[in-house]
Amino acid sequence: MSKEHVLVTGGAGYLGSNLVPALLEEGYKVTVLDDFMFKQHSLGHVCAHPNFHVIRGDVRDGDLMKKLLADKDIIFPLAALVGAPLCNADPVAAKTVNLEAQLSMYDMLRDDQKVIVPITNSGYGIGEEGKFCTEETPMRPISTYGIHKVAVEQRALARENTISFRLATVFGMAPRMRLDLLVNDFVYRAFYDRAVVLFESHFKRNYIHNRDVTNAFLHGLNNFDAMKGQAYNLGLSDANLSKKELCEKIAQHLPGFVFMEAEIGEDPDKRDYIVSNEKLEKTGWRPQYSLDMGIEELIKGYTMIRNSQYGNV
């Protein structure tokens with residue numbers, strides 16, 4: 001019996017460039033839709049695979065999406081303008097890609113089609129001190145990015161055949177790299193500049209390795225019937241850290257790294273909370289990559305790359 005056919009929108013991006021090869025390895029037939037706005041060739045290594053198909057296009061093209069969705073069994077809607085800074089830089093594109101195109105996609109789906117959708121745990125906004133955000137915690141997004149993602153999750157979970165993963169801040173190397181994510185950015189600065197200035201250094205957030213996002217997605221597929229219709233926080237339970245604590249950990253790997261706290265300036269993302277990942281862990285999923293492993297991996301990666309093309313802004 002042949003495996004199901006998967007559509008991954010934004011499949012050449014930071015998450016997709018690790019997910020797509022993993023899906024192919026599992027025997028799925030995979031079609032990627034991407035506009036390649038960052039001129040990336042992150043899926044070049046899987047082009048020889050007979051079950052891989054790629055289409056250059058835009059998720060806002062309704063006729064194209066309707067055609068692509070027609071024969072797919074599973075959809076990973078990864079296409080997005082990711083992060084508060086990028087959304088603030090182009091609010092019109094953010095609304096049309098992150099919100100309107102996503103909502104339109106759900107209107108095109110059949111009830112039997114499976115969806116695994118990543119949103120962001122930045123939807124929790126500013127949490128209560130010492131209190132973990134669970135899946136029952138009210139969503140209070142602050143950024144445009146968070147507001148759109150929360151609205152998409154509400155629409156997604158209105159249908160039964162959907163799993164939503166509320167992603168912590170992702171880190172680690174990927175074929176389509178991003179330097180603008182917090183851990184990736186701080187390690188880059190520590191590696192090359194040996195210094196960073198911290199704004200609102202006490203702000204806390206949770207973290208997760210890129211490959212563990214892929215592992216969680218595959219876990220969702222393998223346990224879909226038991227997990228569908230629900231949202232799950234996806235992060236490292238031992239990595240609810242402030243920005244200052246993150247720098248202290250990086251300094252353990254890169255002696256000589258100096259970080260200073262600034263009294264003026266502010267974090268454009270504004271998220272500040274700690275997160276419980278217990279619900280997902282109770283399904284049997286466990287992370288394979290620690291924050292320390294990710295820092296060591298990034299140090300190796302930054303030995304090879306030094307330029308700004310790997311950011312989203």
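Note that the coordinates shown come from a computational prediction; the quantities given were computed from them, not determined experimentally.

Rules behind the numbers
Residues numbered from 1 in each chain as written. Predicted model: local features only at pLDDT ≥ 70, side-chain atom pairs only at ≥ 80, totals over all residues. Heavy atoms only, no water. Helix = DSSP H or I, 4+ residues; strand = E, 2+ residues; numbered from the N terminus. Rg over C-alpha atoms; globule rule 2.2 N^0.38 Å. Buried < 20%, exposed > 50% of the residue type's maximum accessible area, 1.4 Å probe, protein only. Contact = heavy atoms within 4.5 Å. Areas by Shrake-Rupley, 256 points an atom, 1.4 Å probe, with all protein chains shown as cover. Lys, Arg positive; Asp, Glu negative; His and termini not counted. Charge placed at Lys NZ, Arg CZ, Asp CG, Glu CD. Phe/Tyr/Trp six-rings, centres within 6.5 Å; stacked < 30°, edge-to-face > 60°. Patch = residues over 30% accessible without salt bridge, like charges linked within 9 Å, V, L, I, M, F, W, Y side chains within 5 Å. Salt bridge = Lys/Arg side-chain N within 4 Å of Asp/Glu carboxyl O. Axes fitted to C-alpha atoms, helices over the stretch in contact; angles between N-to-C directions. Parallel < 35°, antiparallel > 145°, perpendicular 65-115°, else oblique. Left-handed = near helix turned anticlockwise from the far one by under 90°. Nonpolar A, V, L, I, M, F, W, Y, C, P; charged D, E, K, R; others polar. Pairing = 2+ DSSP bridges. 1 Å grid on protein atoms, 1.4 Å probe; cavity = no way out; pocket = protein on both sides within 12 Å on 5 of 7 lines; lining within 4 Å. Points joined across faces, edges and corners; volume = space filled by probe spheres on them. Core = buried A, V, L, I, M, F, W, Y, C linked by side-chain atoms within 4.5 Å.

*Asks:* Would you explain the overall build of the protein chain in this entry?
*Replies:* When its secondary structure is counted, the protein chain shows 11 helices and 14 strands. For a compact globule of 313 residues, the expected C-alpha radius of gyration is about 20 Å, and the protein chain comes in at 19 Å, within 12% of that figure. Principal-axis analysis of the C-alpha atoms gives the protein chain an extent of 55 × 40 × 40 Å. Of all 313 residues assigned to the protein chain, the portion counted as buried reaches 56%. If you take every contact in the protein chain between residues at least 6 apart in sequence, the share linking residues at least 24 apart comes to 81%. When the accessible surface of the protein chain is split by element, carbon and sulfur atoms take 51% of a total near 13800 Å². Within the protein chain, the 41 negative side-chain charges are centred at a point lying 3 Å from the centre of the 35 positive side-chain charges.

*Asks:* What should I look at first to understand the environment of His202 in this one?
*Replies:* Note that His202 resides in the loop between β9 (195–199) and β10 (204–209). Assessed through its relative accessible area of 54%, His202 is described here as exposed. Taking C-alpha positions, His202 is 6.3 Å from Lys243, a pair spaced 41 residues apart along the chain. Not counting chain neighbours up to four residues away, the residues in contact with His202 comprise Ser242 and Asp272.

*Asks:* Help me understand the packing of aromatic side chains in this model?
*Replies:* Each aromatic ring pair is described using two quantities: the centre-to-centre distance and the angle formed by the ring planes. In total, this model carries eight aromatic pairs according to the counting rule given. Ring centres of Phe165 and Phe217 lie 5.7 Å apart, and the angle between their planes is 45°; this geometry places the pair in the tilted category. With Phe165 in strand β7 (residues 162–167) and Phe217 in helix α7 (residues 210–222), this pair connects stretches of sequence that are 52 residues apart. You can call Phe165 buried: its relative accessible area is 0%.

*Asks:* What should I look at first to understand a nonpolar patch on the surface in this one?
*Replies:* A cluster of nonpolar side chains, namely Val197, Phe199, Val258 and Met260, defines an oily patch on the protein surface of about 330 Å² accessible area. Elements with a contribution of two residues or more to the nonpolar patch: β9 and β13 (258–262). Tracing the sequence through the fold places Val197 in strand β9.

*Asks:* Would you mind showing me how to read the packing of helix α6 (residues 182–192) against helix α11 (residues 291–302) here?
*Replies:* The packing of two helices is summarised by the inter-axis angle and the distance between the axes. Packing of α6 against α11 brings their axes to within 10 Å, and their N-to-C directions diverge by 55°. Judged by the angle between their axes, α6 and α11 are oblique. Considering the relative orientation of α6 and α11, their crossing is right-handed. Residues Val183, Asn184, Asp185, Val187, Tyr188, Phe191 and Tyr192 of α6 form the contact with α11, whose participating residues are Leu291, Ile295, Leu298, Ile299 and Tyr302. For the contact of α6 with α11, the residue count by class is 10 nonpolar, one polar and one charged.

*Asks:* Could you clarify how one ought to interpret helix α1 (residues 16–25) in this entry?
*Replies:* Burial runs high along α1: nine of the 10 residues are buried. Of the positions making up α1, those classed as buried are Gly16, Ser17, Asn18, Leu19, Val20, Pro21, Ala22, Leu23 and Leu24. Those residues of α1 hidden inside the fold are in contact with β1 (5–9), β2 (29–34), β3 (52–56), β4 (74–77) and α7.

*Asks:* Looking at this model, I keep getting lost on the sheet that holds strand β8 (residues 169–171). Mind explaining?
*Replies:* What holds strands together in a sheet is hydrogen bonding between their backbones, with the strands either parallel or antiparallel. Here we have three strands laid out as an open sheet, ordered β8-β10-β12, and mixed in their pairing. Two strands lie at the open edges of the sheet, namely β8 and β12 (240–242), each paired on one side alone. Sheet twist, expressed as the average angle between the axes of neighbouring strands with direction ignored, equals 50°. One ladder, built from three bridges, connects β8 with β10; its direction is parallel. Across the sheet, Val170 pairs through a bridge with Ile208, a residue of β10. Contacts from α7 reach β8 and β10 within the one sheet, and its direction differs from that of β10 by about 70°. With respect to the sheet, helix α9 (residues 243–253) is in contact with β10 and β12, its orientation differing from that of β12 by roughly 95°.

*Asks:* Sorry, what's going on with empty space enclosed by the protein here?
*Replies:* Counted according to the given criterion, the structure contains one cavity of 30 Å³ or more. Its boundaries defined by the atoms lining it, the largest cavity holds a volume of some 60 Å³. Around the largest cavity sit Thr9, Val59, Met65, Pro77, Ala79, Val97, Ala101, Gln102 and Met105, which together line it. Looking at the lining of the largest cavity element by element, the count peaks at four residues for helix α4 (residues 91–108). Partitioning the lining of the largest cavity into residue classes produces seven nonpolar, two polar and no charged.

*Asks:* Explanation requested: the nonpolar core in the structure shown.
*Replies:* The nonpolar side chains of a soluble globular protein tend to be buried with one another. One finds Val8, Leu23, Phe76, Phe165, Leu234, Ile250 and Tyr302 to be the most contacted residues of the largest nonpolar core, which totals 68 residues. With seven residues, the top contributor of residues to this core is α6. Among all residues touching Phe76, those that are not within four sequence positions of it are Val6, Leu7, Val8, Thr9, Leu19, Leu23, Ile116, Phe217 and Leu221.

*Asks:* Explanation requested: the environment of Arg306 in the structure shown.
*Replies:* Position of Arg306 among the secondary structure elements: in the segment after α11. For the pair Arg306 and Tyr192, spaced 114 residues apart in sequence, the C-alpha separation works out to 8.7 Å.

Shape is all these values report; function is a separate question.
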